[in-house]
Amino acid sequence: MALVTRVTDLIGRTPLFELAVTDAGTRLLLKLEQFNPTGAAKIRMARSMVLDAERRGLLRDGGHIIESTSGNTGLGLAVVAAERGYRFTAVVDNHACKDKLRAMKAMGTDLVFVADDGDDELATSAREDLAEAMAAARDDAYFTEQHNNDANAVGYYAVAEELLAEVERVDILLSAVGTGGSLFGTATRLRELGTPARVIGVEPVGSIAFGGEGGPYWQSGTGTPPGATIGTAVDYAQLDEGVKVSDVDAFATARAVARTHGLLIGGSAGGSVHNALTRLAEFPAGSTVVTIVCDGGEKYLDTVFDDDWMAARDLLDPAAECEITTLLRHYSPLRHHDELMEVR
């Protein structure tokens, strides 16, 4: 590995993991973004948004970055702000993972909460309103506004380039939609490179980006809760299909992947993997299906991977975990490899 001088020089070139293969040769590949600094994909767009603001003269030396975040965007901005000499204020709620909040604070971030201790409701709309007002009140401040910032999606163009350096084509790009930047930014660049993919977006049951009345959900950093505005980074023109996955199924999948493969993925990635696995045999034979795993599961050891936390919220479902475990074993690339060797 090359010697670097900035943490952001370590962004990208994340590994591609083959999770499942069908008898028809369709395979599910995971782009493991937890191997980025901060353990998440969103540091890609954090850097992109700050560099774009600098180019446009919106951030000056010693300026103040303000953002509403559920955690991973804030972690990325904390790194970039520390490197480039900016003050950073993250507007947060108690729905965010505690380890993400602690890590931001460790890097010098000012945390401003929109909810009292003990209130762990998702408060996206309140966060964004406060962040916007705080930035408007300061001459030196810039609200990165990740949901409506074109540089968000641009930050993920490199994901497409990295994918095509490893595989000939991506037939189906199936991933979680929060701001929309990772899915639609990657899809945009794939199309620009002459290899368009079928784009399937995944959101939690309770999110409103793909319609429906909406309601509460526990998948962190993804979806659009009722009352929040769907941002411009959600590019419906590129969306071929939008699907919803429940918290129970998303978390059961994350837990099953951990126990069968020793791989910790976040809850929202669990939703994408659940949808991909349960319909993998329905995709055209020989398809390459890619899911962007936006963060790892290490940040959710006290939630998704904690039996007591899960049971207290009626999210623990051993039968759902067993179903996914069966699929993972059935589609195991190692099983297919062993069978091929036996034939030879």
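See the structure printed just above.
In short, a report on the structure. As the structure is a prediction and not an experimental result, all values here were calculated from the model.

Some words on the overall build of the protein chain
- Along its length, the protein chain carries twelve helices and ten strands.
- A compact globule built from 344 residues would reach a C-alpha radius of gyration of about 20 Å, and the protein chain, at 20 Å, matches this within 12%.
- On the principal axes, the C-alpha backbone points of the protein chain span a range of 70 × 45 × 40 Å.
- Side-chain charges in the protein chain split into 31 positive and 51 negative, and the spacing between the mean points of these groups amounts to 5 Å.

Here we look at the environment of A96
- Examined against the element boundaries, A96 turns out to sit in the loop between β4 (87–92) and α3 (98–106).
- Accessibility expressed as a relative area gives 3% for A96, which makes it buried.
- Measuring from C-alpha to C-alpha, the distance between A96 and E121 comes to 9.4 Å, with 25 residues separating the pair along the chain.

A few points about the state of the cysteines
- Using the criterion set out here, one finds zero disulfides in the structure.
- For C97, which is in no disulfide, the shortest distance to another cysteine sulfur is to C294 and amounts to 15 Å.

Some thoughts on unusual backbone geometry
- At R13, a position not held by glycine, the phi torsion is positive, near 55 degrees.
- Residues other than glycine seldom take positive phi values, yet T38 does so here, at roughly 75 degrees.
- Tracing the backbone through its elements, the reader meets T38 in the loop between β2 (27–32) and α1 (43–55).
- In this structure T38 comes out as partly exposed when scored by relative accessible area, which is 22%.

Some thoughts on the nonpolar core
- Residues L28, L30, L174, I265 and L277 are the most contacted members of the largest nonpolar core, which totals 38 residues.
- The dominant element in this core, judged by the number of residues it contributes, is helix α8 (residues 247–261), at six residues.
- Filtering out sequence-adjacent residues up to four positions away, L30 remains in contact with P15, L16, F17, L19, L263, V273, T291 and V293.
- Counting residues in each nonpolar core, the second largest holds 26 residues, with M45, Y156, A187 and V234 among its members.

As for a nonpolar patch on the surface
- Where nonpolar side chains cluster on the molecular surface, the patch consists of V4, V7 and L10 and spans about 190 Å² of accessible area.
- Of note, V7 is situated in the segment before β1 (16–21).
- Residue V7 is classed as partly exposed on the basis of its relative accessible area of 39%.

A look at the packing of helix α9 (residues 267–279) against helix α11 (residues 318–330)
- Contact pair α9 / α11: the axes reach a minimum separation of 10 Å and the direction vectors enclose 60 degrees. On the basis of the axis angle, α9 is oblique to α11. For the element pair α9 and α11, the recorded crossing hand is left-handed. Note on element contacts: α11 touches α9 through I324, L327 and L328, opposite H274, L277 and T278.
- Here the contact of α9 with α11 is composed, by residue class, of four nonpolar, two polar and no charged.

Calculation criteria
Residues numbered from 1 in each chain as written. Predicted model: local features only at pLDDT ≥ 70, side-chain atom pairs only at ≥ 80, totals over all residues. Heavy atoms only, no water. Helix = DSSP H or I, 4+ residues; strand = E, 2+ residues; numbered from the N terminus. Rg over C-alpha atoms; globule rule 2.2 N^0.38 Å. Lys, Arg positive; Asp, Glu negative; His and termini not counted. Charge placed at Lys NZ, Arg CZ, Asp CG, Glu CD. Buried < 20%, exposed > 50% of the residue type's maximum accessible area, 1.4 Å probe, protein only. Disulfide = S-S within 2.5 Å. Core = buried A, V, L, I, M, F, W, Y, C linked by side-chain atoms within 4.5 Å. Contact = heavy atoms within 4.5 Å. Patch = residues over 30% accessible without salt bridge, like charges linked within 9 Å, V, L, I, M, F, W, Y side chains within 5 Å. Areas by Shrake-Rupley, 256 points an atom, 1.4 Å probe, with all protein chains shown as cover. Salt bridge = Lys/Arg side-chain N within 4 Å of Asp/Glu carboxyl O. Axes fitted to C-alpha atoms, helices over the stretch in contact; angles between N-to-C directions. Parallel < 35°, antiparallel > 145°, perpendicular 65-115°, else oblique. Left-handed = near helix turned anticlockwise from the far one by under 90°. Nonpolar A, V, L, I, M, F, W, Y, C, P; charged D, E, K, R; others polar.

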